[in-house]
Amino acid sequence: KKMNSTMSEEPDALSVVNQLRDLAADPLNRRAIVQDQGCLPGLILFLDHPNPPVVHSALLALRYLAECRANREKMKSELGMMLSLQNVIQKTTTPGETKLLASEVYDVLQSSNMSDMDNVNEMNYRRRKAQFFLGSTNKRAKTVVLHIDGLDDSSRRNLCEEALLKIKGVISFTFQMAVQRCVVRIRSDLKAEALATAIASTKVMKAQQVVKSESGEEMLVPFQDTPVEVEQNTDLPEYLPEDESPTKEQDKAVSRVGSHPEGAASWLSTAANFLSRSFYW
């Protein structure tokens, strides 16, 4: 009987973790999510979920939450957090992009209370270890900063997120809505132009790359107008398969949540209820 109830709730895991990821993307929600009794333990349990898109989405949520410095100590000391991250990194079946993302979250939390020197040594050690697990087929990750014209509300952000998730080689991304920017971590063998092509495909946004000049000033560099061939994540398990992505109605609900803190709070309690029902009974 218990197995049946778990199986009937299975499709909900992805929508719940995606909602938590979308809530965590908004800096205003990050403290509340970590303070909540059920959400952090739930995200840790999601790291051990058999469905790869659930694991990746949980990692994106944790990556957002760890951006808030005040959250890092609590996250690091949460039961099972560091161990579960290590398991994701070391599991041979974990997709490459997911391993890199898990290593990144681990690094941020591990370095939360170290001196600068310890911090650098630990990061280098972790990076070497991650490369060892990733094997020679996965190259190092790089960061691309995009300025996105038209990125001015949460429904646009969702469109942008959908477009980026479809690209093979995208590891993680963070939106800075106030300045219309998106910081994207990608595998080093992926061309930044692929990101611009994906964002242009939304028809309502256009990306330029933010680069620093020799004098340290930031400049906007437009991408070539010729679209590049983007390798899609269609038949790979790293991200949401098309048939499992949230419906447009859910997207609208998420964008409303993003603009109303009370909506976020009610969603948080719904998520916590789901997590306690799934994991603690």
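Residues numbered from 1 in each chain as written. Predicted model: local features only at pLDDT ≥ 70, side-chain atom pairs only at ≥ 80, totals over all residues. Heavy atoms only, no water.

Per an unreviewed UniProt entry, the protein chain goes by Armadillo repeat-containing protein 1 and derives from Psophia crepitans. Listed in UniProt under the heading Function (unreviewed entry), the comment for the protein chain reads: "In association with mitochondrial contact site and cristae organizing system (MICOS) complex components and mitochondrial outer membrane sorting assembly machinery (SAM) complex components may regulate mitochondrial dynamics playing a role in determining mitochondrial length, distribution and motility." Recorded in UniProt for the protein chain, the comment headed Subunit (unreviewed entry) runs: "Interacts with mitochondrial contact site and cristae organizing system (MICOS) complex components IMMT/MIC60 and MICOS10/MIC10. Interacts with mitochondrial outer membrane sorting assembly machinery (SAM) complex components SAMM50 and MTX1." (UniProt positions renumbered as here; feature names shortened; annotations may be inferred.)

Participant: Would you mind going over the environment of Ile167 with me for this structure?
Facilitator: Examined against the element boundaries, Ile167 turns out to sit in the loop between helix 9 (154–165) and strand 2 (170–176). A relative accessible area of 0% places Ile167 in the buried class. With 27 residues separating them along the chain, Ile167 and Ala194 place their C-alpha atoms 7.9 Å apart. (Helix = DSSP H or I, 4+ residues; strand = E, 2+ residues; numbered from the N terminus. Buried < 20%, exposed > 50% of the residue type's maximum accessible area, 1.4 Å probe, protein only.)

Participant: How do you make sense of the sheet that holds strand 2 when you look at a structure like this?
Facilitator: Where strands meet in a sheet, backbone hydrogen bonds hold them as pairs that are either parallel or antiparallel. Read across the open sheet, the five strands follow the order 2-3-1-4-5; overall the sheet is antiparallel. A single partner strand is all that each edge strand has here, and the edge strands are strand 2 and strand 5 (218–222). Across this sheet, the average inter-strand angle for adjacent strands is 35 degrees, counted without regard to direction. Looking at chain direction, strand 1 (residues 141–149) and strand 3 (residues 181–187) are connected through seven bridges and run antiparallel. Directly across from Val144, in strand 3, lies its bridge partner Val184. Lying on the sheet, helix 9 is in contact with strand 1, strand 2 and strand 3; it crosses strand 2 at an angle near 165 degrees. (Pairing = 2+ DSSP bridges. Axes fitted to C-alpha atoms, helices over the stretch in contact; angles between N-to-C directions. Contact = heavy atoms within 4.5 Å.)

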